[in-house]
Amino acid sequence: MKLNEIKAGDKLIADAGFTCMKDGQVGVVVRTEGGALAVPCDAGHHLLDGQVDDKTGELIGLAKVS
């Protein structure tokens with residue numbers, strides 16, 4: 001799944017690779033005041049653009065809940 005396929009309101013599930021989210025934690029995507037997409041986490045929110053694989057453009061560690 002690529003970042004441009006995600007919109008505010010989508011639900012994403014985290015894998016075990018995060019320190020600010022539990023394995024299997026589901027979060028609803030929000031748009032920050034600055035316009036970035038993020039999911040809630042223990043630190044406030046986790047910006048999705050920081051999860052993009054530079055080579056493939058795919059999000060790492062997050063999957064869309066269908």
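Just above, that's the structure.
It should be emphasised that the depicted structure is a prediction, and the values quoted were computed from it without experimental measurement. (Residues numbered from 1 in each chain as written. Predicted model: local features only at pLDDT ≥ 70, side-chain atom pairs only at ≥ 80, totals over all residues. Heavy atoms only, no water.)

Draft legend 1. Inspection of the environment of T32 at higher detail. Considering the arrangement of structural elements, one finds T32 in the loop between β3 (30–31) and β4 (37–41). Residues in contact with T32, not counting those within four places in the same chain, are A38, H45 and L47. (Helix = DSSP H or I, 4+ residues; strand = E, 2+ residues; numbered from the N terminus. Contact = heavy atoms within 4.5 Å.)

Draft legend 2. Geometry of the pattern of salt bridges. Summed over all chains, the structure comprises two salt bridges. Notably, a salt bridge pairs D10 with K64, separated by 3.5 Å at the nearest N-O pair. In this pair, D10 is assigned in the segment before β1 (11–14) and K64 in strand β6 (residues 62–64), connecting sequence segments 54 residues apart. Accessibility expressed as a relative area gives 8% for D10, which makes it buried. Linked by salt bridges that have partners in common, K7, D10 and K64 make up one network. (Salt bridge = Lys/Arg side-chain N within 4 Å of Asp/Glu carboxyl O. Buried < 20%, exposed > 50% of the residue type's maximum accessible area, 1.4 Å probe, protein only.)

Draft legend 3. Here's a closer look at the sheet that holds β6. Pairing is antiparallel in the open sheet, where three strands are placed in the order β2-β1-β6. Both outer strands of the open sheet, β2 (26–28) and β6, are each paired with one neighbouring strand and no more. Each adjacent strand pair in this sheet contributes to an overall mean axis angle of 35°, direction not counted. Relative to β6, β1 runs antiparallel, the two being bridged by three bridges. Considered in β6, the bridge of L12 is made with K64. (Pairing = 2+ DSSP bridges. Axes fitted to C-alpha atoms, helices over the stretch in contact; angles between N-to-C directions.)

Draft legend 4. Geometry of the nonpolar core. In terms of nonpolar packing, the biggest core is built from 13 residues, with I6, L12, M21, V29, V39, L48 and L62 touching the most fellow members. Secondary structure elements with two or more residues in this core: β1 and β4. The greatest single-element share of this core, amounting to three residues, is contributed by β4. Leaving out residues up to four positions away in the same chain, V29 has contacts with I6, K7, A8, G9, D10, L12, L37, A38, V39 and L48. (Core = buried A, V, L, I, M, F, W, Y, C linked by side-chain atoms within 4.5 Å.)

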